[in-house]
Amino acid sequence: MGYQPFYITNYEQDSGLENYFESFLLPEKAFPVLEDAYCWRGRVSRRQGFFLLGRLRRNLVNTALTVTGVGNYANPDVLTSVRTTIAPVISEAYAELEIGSVVITINRGLGTQTIYTDNIATPGVLTMTPGGTYTISSGSVTYCAGFPPTSPISLTFTVAPGAGATVDINCAYYPALPVMGIRSYERENINIEQTIVFDQKYAYSWDYGNNRFNELTVAGTTWQGGNDKLFWTTNYWQAGANNIFWACNFNPQPLLPGFGDPIRYYDGTTWTTFNPAIDALGGLLQQCRALLPFKGRLFAFNTWEGVSLDTSVNFPRRIRYSAVGQNPTILATSWLTTPGAGGFFDIPTDEDIVSVESLKDVILVKCERSSYKLVYTGNQTDPAIYQKINTVFGAQSTFSLVPFDDGVFAIGSLGITTDDTTSVERIDVKIPDQVFNIQTHPEKAYGIRDFVKELVYWAFTDKNLHQNPTSDIFNNQVLVFNYRNESFAKFNDSYTAFGYFQVQNPDYGFYPASVIPNETNVAAGNQQGFVGLVQKKAAPQSVLNDESLAITNVAPTGGGGAVILTVPNHNFTATGQYWVRIDGIVGTGPNNPSSLNYDATTNPVMYHVQNENSAINFGLERWNQNTYVFDNVQLGFGGTYLGGGRVTVVQNFDIKTKVFSPFYEQGQQLRAGYVDFLTDTTTYSPDPTESGQCACFEYINEGPVAINNSNVANTSSGIMGNNTVLTSAENIALIPQQANQAKIWHRFYLPTIEQNFQLELLMTNQQMSSQIINDNDYVLHAMTLYVNPTGRMIQ
Amino acid sequence: MTAPGTLVDIRNKVRRITGRPNPAQISDLQIDQYINTYYLYDLSEQLRLESFRVNYQFMTNANQPVYDFPKELYLTNMPPIYVGGYQSYLTQSRENFFRINPQLNLLQQQVATGNGTTGIYNFGVTNTPVMPGFKRNPPGAYMTTPTGPITSAPASVINWNVVVSALDVNGQSMTLVDDGGCQATGVHANTGLLFWSDALDTDLGSAHGIINYITGRITQVSFPRLVPAGNPINAQYIPYVASRPQTACFYQDQIILYPVPDQAYTVSFEAFKYPTAFLSNVDAPPNPAQYPQLQELWQLLAFGASDKIFADNGDLESLNKFRPLLEEQLKLVQRRTIVQYTSERAATIYTEQSGLPQYPFGNLFGGF
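Residues numbered from 1 in each chain as written. Chains lettered and ligands numbered in written order. Predicted model: local features only at pLDDT ≥ 70, side-chain atom pairs only at ≥ 80, totals over all residues. Heavy atoms only, no water.

Caption draft 1: Molecular detail of the overall build of chain B. Along the backbone of chain B there are five helices and 17 strands. Across the 368 residues of chain B, 45% fall into the buried class. The contacts of chain B with a sequence gap of at least 6 include a subset with a gap of at least 24, amounting to 69%. Carbon and sulfur atoms form 54% of the exposed surface of chain B, whose accessible area is close to 18,100 Å². (Helix = DSSP H or I, 4+ residues; strand = E, 2+ residues; numbered from the N terminus. Buried < 20%, exposed > 50% of the residue type's maximum accessible area, 1.4 Å probe, protein only. Contact = heavy atoms within 4.5 Å. Areas by Shrake-Rupley, 256 points an atom, 1.4 Å probe, with all protein chains shown as cover.)

Caption draft 2: View of empty space enclosed by the protein. Residues and elements named next belong to chain A. Summed over all chains, the structure comprises four cavities of 30 Å³ or more. In this structure, the second largest cavity encloses a volume near 50 Å³. Lining the second largest cavity, in full, are M180, N227, D228, L230, K444, F474, N475 and T496. Split by residue class, the lining of the second largest cavity holds three nonpolar, three polar and two charged. (1 Å grid on protein atoms, 1.4 Å probe; cavity = no way out; pocket = protein on both sides within 12 Å on 5 of 7 lines; lining within 4 Å. Points joined across faces, edges and corners; volume = space filled by probe spheres on them. Nonpolar A, V, L, I, M, F, W, Y, C, P; charged D, E, K, R; others polar.)

Caption draft 3: Examining the pattern of salt bridges more closely. All names here are of chain A. Taken as a whole and judged by the stated rule, the model has 35 salt bridges over all chains. For R58, the salt bridge identified is with E215, shortest N-O distance 2.8 Å. Here E215 lies in strand β20 (residues 212-215) and R58 lies in strand β8 (residues 58-65), a separation of 157 residues in the sequence. Overall, E215 belongs to the buried group, its relative accessible area being 15%. With its nearest N and O atoms 3.8 Å apart, the salt bridge here joins R646 to E547. Here the residue R646 occupies a position in strand β53 (residues 646-650), and E547 occupies one in the loop between β43 (530-533) and β44 (549-550), the gap between them amounting to 99 residues. (Salt bridge = Lys/Arg side-chain N within 4 Å of Asp/Glu carboxyl O.)

Caption draft 4: A look at a nonpolar patch on the surface. Where nonpolar side chains cluster on the molecular surface, the patch consists of Y20(A), F21(A) and L25(A) and spans about 330 Å² of accessible area. Secondary-structure assignment places Y20(A) in the loop between β2 (16-17) and β3 (30-31). (Patch = residues over 30% accessible without salt bridge, like charges linked within 9 Å, V, L, I, M, F, W, Y side chains within 5 Å.)

Caption draft 5: Representation of the packing of aromatic side chains. All chains considered together, the criterion is met by 74 aromatic pairs over all chains. Look at F299(A) and F301(A): their rings are 6.2 Å apart centre to centre, the planes differ by 25°, and that puts the pair in the stacked class. In this pair, the class of F299(A) matches that of F301(A), namely buried. Ring centres of F69(B) and F250(B) lie 5.4 Å apart, and the angle between their planes is 90°; on these two criteria the pair is classed as edge-to-face. Of this pair, F69(B) sits in the loop between β2 (66-68) and β3 (74-83) while F250(B) sits in strand β15 (residues 247-251); the two residues are 181 residues apart in sequence, bridging distant segments of the chain. Pairwise contacts between aromatic rings join Y38(A), F50(A), W232(A), F399(A), Y446(A), Y457(A), F491(A), Y495(A) and F498(A) into one cluster. Of note, K444(A) hangs over the ring of F474(A), and the distance from its end group to the ring centre comes to 4.8 Å. Taking the ring centre of Y598(A) as reference, the NZ or CZ of R581(A) above it sits at 4.4 Å. (Phe/Tyr/Trp six-rings, centres within 6.5 Å; stacked < 30°, edge-to-face > 60°. Lys NZ or Arg CZ within 6 Å of the ring centre and 35° of its normal.)

Caption draft 6: Broad picture of the sheet that holds strand β9 (residues 73-75) of chain A. Residues and elements named next belong to chain A. An order of β9-β15-β14 is seen for the three strands of this open sheet, with the pairing classed as antiparallel. Each end of this open sheet is capped by a strand with a single partner; those strands are β9 and β14 (136-141). Within the sheet, the average angular offset between the axes of one strand and its neighbour, ignoring direction, is 5°. Alignment of β14 against strand β15 (residues 153-157), held across five bridges, turns out to be antiparallel. Among the inter-strand pairings, S138 is bridged to a residue of β15, identified as T156. (Pairing = 2+ DSSP bridges. Axes fitted to C-alpha atoms, helices over the stretch in contact; angles between N-to-C directions.)

Caption draft 7: Local environment of the side chain of H781(A). Residues and elements named next belong to chain A. Inspection of the secondary structure assignment puts H781 in strand β60 (residues 779-792). The exposure class assigned to H781 is buried, which follows from its relative accessible area of 13%. Excluding its chain neighbours within four sequence positions, the residues that come into contact with H781 are T9, N10, Y11, G42, R43, L678, T679, D680 and K743.

Caption draft 8: Quick peek at the environment of D546(A). Residues and elements named next belong to chain A. Relative to the elements of secondary structure, D546 occurs in the loop between β43 and β44. For D546 and G54, which are 492 residues apart along the polypeptide, the C-alpha to C-alpha distance reads 10.0 Å. Each residue touching D546, except ones within four places of it in the same chain, is listed here: F50, F51, L52, K537 and T648. Polar contacts involving the side chain of D546 include one to the main-chain amide nitrogen of L52, which spans 2.8 Å. (Polar contact = N/O pair within 3.5 Å; in protein donor to acceptor, adjacent residues only side chain to side chain.)

Caption draft 9: Up close: helix α1 (residues 7-18) of chain B. Its 12 residues give α1(B) an end-to-end C-alpha distance of 16 Å, which sits within 8% of 16 Å, the value for a rise of 1.5 Å per residue. All buried positions along α1(B) are accounted for by L7(B), I10(B), R11(B), K13(B), V14(B), R15(B), I17(B) and T18(B). For α1(B), the secondary structure elements touched by its buried residues are β58 (743-754) of chain A together with α2 (28-46), α4 (298-312) and α5 (316-342) of chain B. Positive backbone phi, at 70°, marks G19(B), one or two positions downstream of α1(B). (Expected span 1.5 Å × (residues − 1).)

Caption draft 10: Seen up close, the nonpolar core. Among the nonpolar cores identified, the biggest contains 164 residues, and L97(A), F301(A), V365(A), Y457(A), W458(A), F498(A) and F677(A) are the most heavily contacted of them. Ignoring sequence-local partners within four residues, the contact set of F498(A) consists of I182(A), Y446(A), G447(A), I448(A), Y457(A), W458(A), A459(A), V478(A), V522(A), A523(A), A524(A) and V534(A). With 35 residues, the next largest nonpolar core counts F52(B), Y274(B), L301(B) and A305(B) among its residues. (Core = buried A, V, L, I, M, F, W, Y, C linked by side-chain atoms within 4.5 Å.)

Caption draft 11: Representation of the packing of α2(B) against α4(B). All names here are of chain B. In the contact formed by α2 and α4, the axes pass within 8 Å of each other and the chain directions differ by 105°. Here α4 runs roughly perpendicular to α2, going by the angle between their axes. Between α2 and α4, the contacting residues are Y34, I35, T37, Y38, Y39, D42 and L43 on the first element and L300, L301, G304, A305, K308, I309 and D312 on the second. Partitioned by chemical class, the residues of the contact of α2 with α4 number nine nonpolar, two polar and three charged. (Parallel < 35°, antiparallel > 145°, perpendicular 65-115°, else oblique.)

Caption draft 12: Highlighting the interface of chain B and chain A. With 23 residues of chain B at the interface, the matching set in chain A holds 22 residues. Around 1,800 Å² of area is buried between chain B and chain A when both sides are counted, 48% of it from carbon and sulfur atoms. Our count for the chain B to chain A interface comes out at zero salt bridges. Applying the counting rule to chain B against chain A returns 12 residue pairs in polar contact (both at pLDDT 80 or more). Every element with two or more residues in the side of chain B that touches chain A is listed here: α1, α2, α4 and α5 of chain B. (Buried area = accessible area lost by both parts, 1.4 Å probe.)

Don't take any of this as a statement about function, it's just geometry.
If you want it as structure tokens, here you go:
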């Protein structure tokens with residue numbers, strides 16, 4: 001009997017990540033493992049790369065440094081003023097100077113004023129601007145190095161200024177703090193929303209002219225919440241010609257007087273502290289979990305109230321509202337608890353209000369384990385009443401709520417649910433256990449809807465990836481929900497916040513072609529202040545991420561040990577597998593650390609991360625295909641790291657099929673012949689080891705080890721060919737037309753006899769070691785299994 | 001444009017037939033293995049092509065009766081056989097051969113006498129030279145490997161022709177057998193070793209006697225148990241008179257000649273040889289292209305190799321689809337041999353009458 005073909009395609013219904021059933025009971029288009037790939041419009045598509053907009057940065061203007069002494073000048077850390085704040089006020093411990101931005105001035109404003117600058121072309125070197133008085137034989141700047149990091153400068157004079165000369169610095173620098181919010185400020189013109197990004201301390205906006213972030217206001221309004229104090233914002237009311245943008249981070253800190261943050265609003269120019277009077281006794285609204293306009297009023301949820309921020313008291317179930325139709329920024333009257341004006345009421349529960357969202361003509365209020373809705377009454381004394389929707393399902397993550405027309409998704413402690421104002425139901429029945437892995441810091445989970453790709457992303461902390469947490473844990477995975485076909489997937493990304501980013505007339509010299517003008521592109525920020533667009537890398541390098549982590553130190557090790565990189569809050573764990581590319585290292589001396597930088601010709605190496613248990617450091621290793629082990633990447637002593645190093649996380653993907661057991665019903669084993677994969681055509685190379693490809697591991701009889709795993713030494717020569725599955729043209733000489741095909745059927749042979757088999761599509765260590773290979777897209781449209789029954793089932 | 005037929009052409013055709021265009025699906029090395037497997041072991045049996053029918057010849061050694069047939073290089077052989085140019089008798093029947101050339105053992109009583117010890121005994125046999133034993137072919141005690149001779153075979157599996165025996169104190173036989181001198185080097189020698197017949201090893205260290213087949217001198221003999229004083233020590237052997245061999249027997253992939261050669265003679269007969277296998281990884285320039293022995297075989301080799309790939313993959317459907325094409329190629333390739341033979345008349349006893357019916361012309365040297 002010939003092989004019987006089983007054609008599987010249109011990965012739409014009953015597809016995606018699914019763990020409800022045992023793997024052999026899953027639908028044929030479902031995947032028990034689906035990471036960094038997702039089912040989308042009938043295909044299984046590899047996750048596209050993260051496009052970096054920029055790193056959150058701010059400027060220091062004429063910031064005084066220590067004056068000169070006798071002889072040469074050396075300053076051990078020009079960023080000491082932003083680093084040395086005493087905890088818990090936010091310290092910018094890992095702040096880094098921006099290369100090419102450093103301007104040192106001696107005797108500013110005097111006739112002897114002398115200016116020294118660095119340069120992108122020759123980073124690390126300070127040169128005197130012509131016309132200065134105090135000439136130098138050499139000058140150096142370190143952007144960020146060591147642990148704890150510092151940014152020293154030195155000037156060796158040939159004409160010294162003598163003791164007491166003033167020194168100041170103008171520069172841009174990266175505070176290197178986690179992104180705590182990417183929010184949209186509804187500007188006055190149609191279709192223009194300004195993206196305002198928060199880290200723990202500052203607010204920033206995007207400079208469309210220079211394609212970089214700047215601090216939003218020159219005055220430098222700061223916040224000081226912890227790295228779980230995400231920013232809630234809303235747009236309501238108008239001040240003059242400008243709309244008002246409200247922001248709160250639920251950081252009152254009553255136990256640490258002076259360290260709390262108030263509610264603030266931004267009118268397009270300045271931030272204003274907002275603490276309106278709520279009663280005649282001097283009580284003020286100091287903080288709240290959320291703000292939302294509703295029927296001519298601004299509502300505050302889960303409030304902190306008191307005469308001062310430091311003495312305020314939390315009312316976790318309180319809903320406070322302003323007077324109808326009144327400017328809510330009028331502190332004295334708009335929020336006074338007065339019949340017919342402002343007021344409040346408490347939901348009758350012991351749970352905290354965690355989040356809220358508007359849906360149709362009501363506001364959904366999500367408590368920890370229950371859901372309510374606010375319904376407008378039209379009664380100015382009691383403008384809204386609450387109605388309970390569900391007594392089990394609430395929300396544990398304020399920012400996990402994602403609104404749709406017919407419901408609001410939320411991550412609760414017992415399930416991922418949709419709330420349509422009358423009922424709350426789980427939408428995660430395909431992955432019922434996943435919600436219980438959103439742990440350790442469930443309050444950090446963050447969701448957003450991608451209208452272009454018709455996906456929902458939830459960044460969350462997967463406790464399985466943090467077996468041995470050693471410091472702060474940031475979201476380390478993204479749960480992806482395709483709301484068209486109701487399929488799930490996971491991405492291995494570390495994002496602390498999502499938001500929307502809009503650009504009217506993109507300069508495609510900077511933006512990728514996938515950025516749509518005026519569209520709500522999904523932006524994400526991470527724990528080091530890198531902000532970019534999700535899944536927006538464009539061909540031909542559509543898969544490789546942009547850089548997303550900064551290196552603060554490179555430490556050589558002797559004795560054959562691996563070079564150690566200091567990357568604070570890298571968020572890697574020993575449980576995961578991480579590949580990285582290193583770029584941008586500025587260094588000097590013999591054994592220059594810059595030798596680790598990627599170079600397509602001289603150092604085309606993707607590194608594997610080792611010893612990532614430390615939250616600060618990790619080592620580098622590279623794959624040895626001859627010995628099937630990772631070799632330490634070594635760096636000799638003698639070099640000096642000056643900063644600039646960047647880490648690009650290189651994602652693999654993992655598509656694991658169900659356990660195929662087509663002849664269980666007939667009580668027979670199967671002989672598997674081959675599998676045909678229909679994939680998008682990728683890059684062709686005459687060298688088959690550099691063409692677009694992935695690998696297909698085959699597991700038989702539900703064994704734990706793939707029979708053709710080329711990541712381990714395998715002496716068996718019984719396997720015909722190898723585990724490579726090309727996605728490119730297979731042989732231009734024999735099949736010349738293939739290179740022009742949009743899709744190609746690729747045959748993969750798996751001549752085995754077994755009870756069942758399972759396939760896993762991914763990249764091997766060898767393939768991950770090559771950017772030429774791992775930067776190829778993978779889009780699976782269909783697969784055909786060729787099998788026939790053979791032999792009795794029992795072995 | 002050159003005519004196709006190189007190893008590269010064959011590989012490409014295999015890739016097309018099997019739908020494995022890329023080395024990731026099957027490597028060139030693996031394809032070459034399938035091509036060579038079909039070429040050497042299938043094709044050579046499916047078609048006995050005229051091109052593979054060759055003369056096989058070897059040289060005799062004085063006093064060596066048995067010669068290995070290189071079965072790794074040749075498939076089969078057939079009469080006539082010529083020894084020193086004389087057409088001789090070639091049979092595959094030991095019965096016929098030994099009826100013509102009876103190899104009766106001569107029992108020589110009491111070539112030595114026990115002295116109450118296990119030995120050492122030194123003595124000689126009277127009728128010489130003595131027919132040596134010979135090594136086994138196929139593999140056995142005296143096969144050689146790249147690292148040296150295999151010497152661990154037990155004595156029970158060697159082909160001995162000399163037996164030395166005695167009775168112990170309990171009347172139990174103690175026997176030594178010879179190895180034909182092949183044990184140490186794998187080739188014949190005029191001096192052989194004697195082993196206890198129940199020895200588990202026949203390496204040099206297990207030898208308990210030496211025999212010179214030419215002089216009949218047997219020395220350094222020791223028995224596993226003592227030979228009581230006065231007990232006879234007997235020898236059985238086959239004496240012979242060496243001369244030009246006139247008969248040959250092909251048996252166990254060996255050629256046995258009789259009479260035993262008294263000097264070097266050229267022995268030749270027809271044989272079907274295996275084709276020459278392709279070498280992998282030497283087909284790219286500057287190495288010259290590799291062709292099959294007959295260039296016209298290239299398509300057949302591609303279909304044959306593909307057939308095996310289908311079989312190994314359990315792809316019987318493809319195998320059945322392509323099998324007619326394989327058979328078509330077999331017929332086409334066979335056509336050359338058929339046409340070549342077509343002009344050959346069937347031989348009769350009159351065929352070789354040359355008009356010069358005297359020695360050495362014509363049938364049986366003019367004997368008819």
